[in-house]
Structures are given as structure tokens and as C-alpha cells.
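Letter by letter, the chains look like this.
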Amino acid sequence: MSADDQQFLDLLSSIPNQIRRYSGDVAEYVDKTVDKVAEEIRDTLATAQWVPDYARPTPPTRPPPVEIVPIATYDSIQDWFSRHKLLTGAIVVAIGYAAYKTVRVTKGLRKTRRAKRARNGGRLEVVVIAGSPTLPLTKSLSLDLERRGFIVYIVCNTIEDEVTVQSLSRPDIKPLGIDITDPPSAGQSIERFAAYLQASHAAVPRAKPAFLTLKAVILIPSLNYQTSPIATIPPSSFADLFNTHLLHPILTIQSFLPLLTSRITPTGEKSATPKVLVFTPSIVSSINPPFHAPEATVCSALSAFTEVLTAELRPLAIPVTHVQLGTFDFVGFTPVRTNGAASISGLLPPPAEPLQWPESARHAYGRNYMSQTASAISAGRIKGMRGSSLRELHNAVFDVIDGSELSDVVRVGLGAGLYGFVGRWAPRGLVAWMMGIRKVDELSTWEGGEPFNGAGSGSGSGSGSDSKSERSASSENGENGEASASEFISVARDDDGHNVWKLG
């Protein structure tokens, strides 16, 4: 038998199976239809009035209708939570965090914060503040610590600083003259201060003398920074910035290290380990926005220095706390502006005017600079908000001094924690876009020209003889070895200057 015959026989054998299946489907459909028609006829005859009672069929029994009962509020809420588990978890975490912060803040406000005193009421604890007496932060903190019972010493480098401290008219806020730029003189000042702490002192005449205890050294660097593109900042400004804002605080801490790492309490007296607090602004250094290179660079360097200092002093049981500052309301500690409005931040000078930049710098950076200046964060403060109360800062500092706060990093002030989170997790491009930074479509054409002196001032006009005399003066200064801004010249156009620096 061939393959074709076998295929034909298989087809014939499958026909009865198909006929059986199709016939079963037809019979089932007919049964359902007949049952439905019979049920309809039975219902019609059961409700018809002309049918006698003995011939009227019994109506089929049907299940009772389902009664719709409204769901209780608790059940509806529980059902919503079961259908939105992720959102429910986020809500629970937010409520728990808010409750924790509320309880902590309430407990902190009720805490009594007073320095330890002698039995006769004399002050026993000393705090040293290494910061400019003209800073509003130094003034407010020194006045608060003095009010709480500390003897406050403010490090002064000049006679003007000492006069400023004495103008506070507080007997327990005293100047501590230390010339940081002269290491031998600074060492002698530290030795005199240590001898003062080792001697006993009586609060009033004929009272029992007591020894003073150094509780903390608080470092407050200068908080004034320039906001400008990097291309418009002369090298001399960078040199002055690093000298006054970075090198000076480091040398100040270095001068106090021998005092901190030595036992100055006389034998038999209870010794206490002093604490070191380093203050830095945190909003700008957290997100490193454009046009804030001075502040971002200095604050990042101070943060790294503080981490290294913490690691070196930890084996000596000397705690170092990095206090990252947000914005505060300094009304009452800052002078009133000429237009009658008080400074909100009280920390920063007005930004540089773009009209003073070279033409090429205005073309490249002007629009983004103005957009960033008008954004929510500008010049290290949050626009539209007054800032946190100084009481929060004062309480945080006292908690660190008395040992209630043991964290290495303490964030206090409006925006300190928020911008720290944004700086760690938010994409840099998104942050820049939210601050109004946009792509510059077209750059100016490079045009080489006669170099001129004083780039970044926005004035590139002058005669050829003036330019020649300025170049000769720069070369003479370079030969004499003087480290000044005249050793650098800029490449400029005929009408205005590009702020591109090179060694002259």
C-alpha cells in the first residue's frame, strides 16, 4: 500500500470522530435552547391569568437578589492601603520622621542649657571663638554663650578687632590677641593663655578661687565670598581668597593644637577634654553651582581638613564636630542697607556686576549668571525665606559643647539638610537646569589683540602707549620677584579683553 493510500485511510478513520464531536456540540446547543424556551413558557404560563389554577405550572425557584450593603469607612481605607502598598509605606515613613523630629525639637526646646558655675556663682568654663569679631555669626554666638554662663574669648589679630570686642560691653566677652601670621608670637600668646587657665581665679574678692576649664574652641571662617565666573576672577583674588579664607583658619587651629593636646588642668583638679567645632556654609558647597568657585573650593577644602583633623584627634579623645550651616535670620546683627531693607543673609557681599566683565565674558556667561542669580538659591541663601532662628544654632552649639550631641557632622539652619540630600542624590544637570542654566548657542569669535593690564575690570580701552607702559611695568615687577597680580597679563581684543591669563 502506497503512502497516498495510507493518508486517505487515516482521513476516513478520522471522519467518525469529527462527526461525533460536531453532533455532540449541536445536541448540547439544542438542549440549552429547548431548556431556555421551556423555562420561558413555564414562566409565562405561571403568571398568565387565563390559565386555571389546576393547570398552572409551578414557577421555578430563583435565588434571592443580592443586597448591596455600603462599605464602612474603615474597610474602604484598608482596601485602599492594600492596593497602594508603596505609597502607604512612604506615608508611614514620612509621618514617623515628622513625629521623631517634632518630639526631638520639643524636647530640645524644654532643655535647660546653662554652663557650670562655682558654688559662689563664679564662672568656670571658657570658650574660645576663632572668628572675625565683625561677623554677625561671631557676635550672636558670643553673646549667647556669655548669657549662658561661659567666659568667652574671641581671637583678635589686630587692634581694631580688640576694639570691636570691647564695644560689646560685656565683662565676660574678652579679646584674645593672637597674631596668626607670626608663629613665634602666636606661640607666646597661647602660652600666656595656658598659664591663665592654670592659675586659680576668684569671682569676687575674698571668695574661694577656682580653676577655669577650656570647654571648646570654635572656628568660624570668613563667610564672605565673591560670585563670579572663574574667567573673570584675577589670580590675585584667588591668592587673597585662599590666604584669608583657607590658610588663616588652618593656621588658627594649628596654633591651638598644642593647647588642646596637653593637660592644662592642675594636679588634683578634674580634667575635661575640650571640643573643637568648625563652622562652614553648606548650601553652595553641597551642590557646587556655577559661578560659586571661591566658596565651593574653600568650603570643600575646609571640610576635607576637618575630616583629617577629626581622624588625628580621635585617638586623643578630642572630639571634632563639623557644623554645616544653612541660612539664618540675622536681623539685629547686620547693618541696614541704604534702601532701608535689612540684609537677609547678613553674610555675603552683593554679587559682582556683569557690566564690569569683559565683552567676551558677558557674552559667554552673562545670561546664565543672571538666571542663576534670580533662581531660588543665590549667593548662599534661599530667596523668599527669612532663614532659621539663631536660637537653633545656639542650642546646637551648646549641645555639642556639653556632650549631648555626639555626631561628627551637625547640620543646622534652613536648607542645610535639604541641599545636602540634593547634592548627594540629585543629578548635576537637573540641579543646574532648575537654577536656570541653559546651553549657550553661539560663542564669540576669538580675536587676538594687544594685552592689557587689569583684566576682569571690564575696561579694555586705552592708548597704545599706555599698554606698552603697563607691559613694561609688569616685566619689571616680574624681574624683581614680587608676587603680585601684575605678573599675569591677559590676552585681549582691540576694543575689550578676554579674561584669559598667561604668565608674562
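Figured I'd write up the structure that's included with this text. The structure displayed is predicted, hence computed values, not measured ones. (Residues numbered from 1 in each chain as written. Predicted model: local features only at pLDDT ≥ 70, side-chain atom pairs only at ≥ 80, totals over all residues. Heavy atoms only, no water.)

## Topic: the overall build of the protein
Here is the rule: Only DSSP runs of H or I covering at least 4 residues are called helices, and only runs of E covering at least 2 are called strands; the numbering of each starts at the N terminus. Burial classification: accessible surface area is computed with a 1.4 Å probe over protein chains only, and a residue below 20% of its type maximum counts as buried, one above 50% as exposed, and the rest as partly exposed. Throughout, a residue-residue contact means that at least one pair of heavy atoms, one from each residue, lies within 4.5 Å. The method behind every accessible area is Shrake-Rupley, applied with a 1.4 Å probe, and residues are considered shielded solely by the protein chains displayed.
For the protein, the count of helices and strands is 14 helices and 13 strands. Per-residue burial for the protein yields a buried fraction of 37% across its 504 residues. In the protein, once contacts between residues fewer than 6 apart in sequence are set aside, the share between residues at least 24 apart is 70%. Looking at the protein as shown, the accessible area adds up to about 29800 Å², and 58% of this sits on carbon and sulfur atoms.

## Considering the layout of surface pockets
Cut-off, in case you're wondering: Points on a 1 Å grid, built from protein atoms alone, make a cavity when a 1.4 Å probe fits but cannot get out and make a pocket when they are open with protein on both sides within 12 Å along at least 5 of 7 lines; residues with an atom within 4 Å of a point are the lining residues. Grid points are joined across faces, edges and corners, and a volume is the space filled by probe spheres set on the points. Polar here means any residue outside two lists: the nonpolar Ala, Val, Leu, Ile, Met, Phe, Trp, Tyr, Cys and Pro, and the charged Asp, Glu, Lys and Arg; Gly therefore counts as polar.
Of the volumes computed, that of the largest pocket is approximately 960 Å³. Surrounding the largest pocket, 25 residues form its lining, Lys 101, Arg 104, Val 105, Ala 396 and Arg 411 being those nearest its centre. Counting only elements with at least two residues in the lining of the largest pocket, the list comes to α3 (85-110), α11 (390-401) and β11 (409-412). Among the elements that make up the lining of the largest pocket, the one with the highest residue count is α3 (eight residues). Class assignment for the residues of the lining of the largest pocket results in nine nonpolar, six polar and 10 charged.

## Description of a nonpolar patch on the surface
Convention followed: Patch criteria: residues need more than 30% relative accessible area and no salt bridge. Like-charged residues are merged within 9 Å; nonpolar side chains of Val, Leu, Ile, Met, Phe, Trp and Tyr are merged within 5 Å. The term salt bridge refers to a pairing of a side-chain nitrogen on Lys or Arg with a carboxyl oxygen on Asp or Glu at a separation within 4 Å.
Judged by side-chain polarity, Ile 77, Trp 80, Phe 81, Leu 87, Ile 91 and Ile 95 come together as a nonpolar surface patch covering roughly 530 Å² of accessible area. Within the element layout of this structure, Leu 87 appears in helix α3.

## A few points about the packing of helix α2 (residues 73-83) against α3
This is how the line gets drawn: Fitted lines through C-alpha atoms give the axes, limited to the stretch in contact for helices. The angle between two N-to-C directions lies from 0 to 180 degrees. Here is the rule for angles: anything less than 35 degrees is roughly parallel, anything more than 145 is roughly antiparallel, 65 through 115 is roughly perpendicular, and the remaining ranges are oblique.
Axis separation between α2 and α3 bottoms out at 5 Å; the angle between their running directions is 105 degrees. Judged by the angle between their axes, α2 and α3 are roughly perpendicular. The segment α2 lies against α3, with Trp 80, Phe 81, Ser 82 and Arg 83 engaging Lys 85, Leu 87 and Thr 88. When the residues that make up the contact of α2 with α3 are grouped by side-chain class, the tally is three nonpolar, two polar and two charged.

## Here's the deal with the packing of aromatic side chains
Applied cut-off: Any two rings among Phe, Tyr and Trp, with Trp reduced to its six-membered ring, count as a pair given centres within 6.5 Å; such a pair is stacked if its planes are under 30 degrees apart, edge-to-face if over 60, and tilted if neither. The rule for a charge over a ring is simple: NZ of Lys or CZ of Arg within 6 Å of the ring centre, and within 35 degrees of the ring normal.
Per the stated rule, a full pass over the model turns up nine aromatic pairs. With a centroid separation of 4.8 Å and an interplanar angle of 70 degrees, the aromatic rings of Trp 357 and Tyr 369 are classed as edge-to-face. Taken together, the residues Trp 357 in the loop between β8 (320-325) and α10 (359-373) and Tyr 369 in helix α10 connect sequence positions 12 residues apart. In terms of burial, Trp 357 and Tyr 369 fall into one category: buried. By the ring-pair criterion, three or more aromatic residues cluster together here, those being Phe 291, Trp 357, Tyr 365 and Tyr 369. Residue placement shows Arg 148 over the ring face of Phe 398; its charged tip is 5.7 Å from the ring centre.

## Let's talk about the sheet that holds strand β1 (residues 125-131)
The pairing of strands in a sheet comes from backbone hydrogen bonds and takes either a parallel or an antiparallel form. Which entries qualify depends on this criterion: Two strands form a pair only when DSSP identifies at least two bridges running between them.
Taken together, the seven strands give an open sheet; going across it, the order is β3-β2-β1-β6-β7-β8-β11, and neighbouring strands pair in parallel fashion. Because the sheet does not close on itself, it has two edges, and the strands there are β3 (173-177) and β11. Shown here is a sheet whose adjacent strand axes are inclined to one another by a mean of 25 degrees, direction ignored. Sheet analysis places strand β2 (residues 151-156) next to β3, joined by five bridges and oriented parallel. Bridge assignment links Ile 154 to a residue of β3, and that residue is Pro 175.

## Side note on the nonpolar core
A general tendency of soluble globular proteins is for nonpolar side chains to be buried together. Rules: Think of a nonpolar core as a cluster: buried Ala, Val, Leu, Ile, Met, Phe, Trp, Tyr and Cys residues, connected wherever their side-chain atoms sit within 4.5 Å.
Counting residues in each nonpolar core, the largest one holds 32 residues, and the members touching the most others are Ile 129, Leu 145, Ile 218, Phe 279 and Leu 393. Within the residue set of this core, elements represented by two or more residues are β1, α4 (136-147), β2, β6 (213-220), β7 (275-281), β8, α11 and β11. The greatest single-element share of this core, amounting to seven residues, is contributed by α11. With residues near it in sequence (within four places) discarded, Leu 145 still touches Val 127, Ile 129, Phe 150, Val 152, Ile 218 and Ile 401. Residues Ile 151, Ile 180, Ala 194 and Val 217 belong to the second largest nonpolar core, which totals 29 residues.

## Details of the pairing of β8
With respect to burial, β8 is a largely interior element, six of its six residues being buried. Because side chains alternate across β8, one face comprises the buried residues Val 320, His 322 and Gln 324, and the other comprises Thr 321, Val 323 and Leu 325, equally buried. Where β7 meets β8, six bridges bridge the pair, whose relative direction is parallel. Each bridged residue has a counterpart across the sheet, and for Val 278 the counterpart in β8 is His 322. Across four bridges, the pairing between β8 and β11 is parallel. Note that in β11 the partner of His 322 across the bridge is Val 409.

## Re the side chain of Arg 113
For the record, the criterion: Polar contact is defined as a pair of N or O atoms within 3.5 Å, subject to the rule that within protein one atom must be able to donate a hydrogen and the other to accept it, and that residues adjacent in sequence are counted only when both atoms are side-chain atoms.
Considering the arrangement of structural elements, one finds Arg 113 in the loop between α3 and β1. Since its relative accessible area comes to 5%, Arg 113 is described here as buried. Within the structure, the side chain of Arg 113 is placed 3.0 Å from the side chain of Asp 399, a separation counted as a polar contact. Apart from the residues within four sequence positions on either side, Arg 113 is in contact with Gly 108, Arg 148, Asn 395, Phe 398 and Asp 399.

## A few points about the side chain of Asn 368
By the secondary structure assignment, Asn 368 is in helix α10. Not counting chain neighbours up to four residues away, the residues in contact with Asn 368 comprise Phe 291, Gly 436, Ile 437, Arg 438 and Val 440.

## Comments concerning unusual backbone geometry
Not every positive phi belongs to a glycine, and Phe 291 is a case in point at roughly 70 degrees. In this structure, Phe 291 sits in the loop between α8 (283-287) and α9 (293-313). Overall, Phe 291 belongs to the buried group, its relative accessible area being 11%. Phi at Ala 317 takes a positive value of approximately 60 degrees, unusual for a residue other than glycine. Its place among the elements puts Ala 317 in the loop between α9 and β8.

## Comments concerning a negative patch on the surface
This is how the line gets drawn: Under this rule, positive means Lys or Arg and negative means Asp or Glu; His and the chain ends count for nothing. Note that the charge is assigned to NZ on lysines, CZ on arginines, CG on aspartates and CD on glutamates.
On the surface, Asp 31, Asp 35, Glu 39 and Glu 40 cluster together into a patch of negative charge. Along the chain, Asp 35 turns up in helix α1 (residues 3-47). When its relative accessible area of 52% is taken as the criterion, Asp 35 is described as exposed.

## Section: α10
Inclusion rule: Working definition for bend: take the seven residues up to and ending at a residue and the seven starting at it, fit an axis to each, and measure the angle between the axes.
By the largest-angle criterion, Tyr 365 marks the main kink of α10, which is about 55 degrees. For α10, the complete set of buried residues consists of Ser 360, Ala 361, Gly 366, Asn 368, Tyr 369, Gln 372 and Thr 373.

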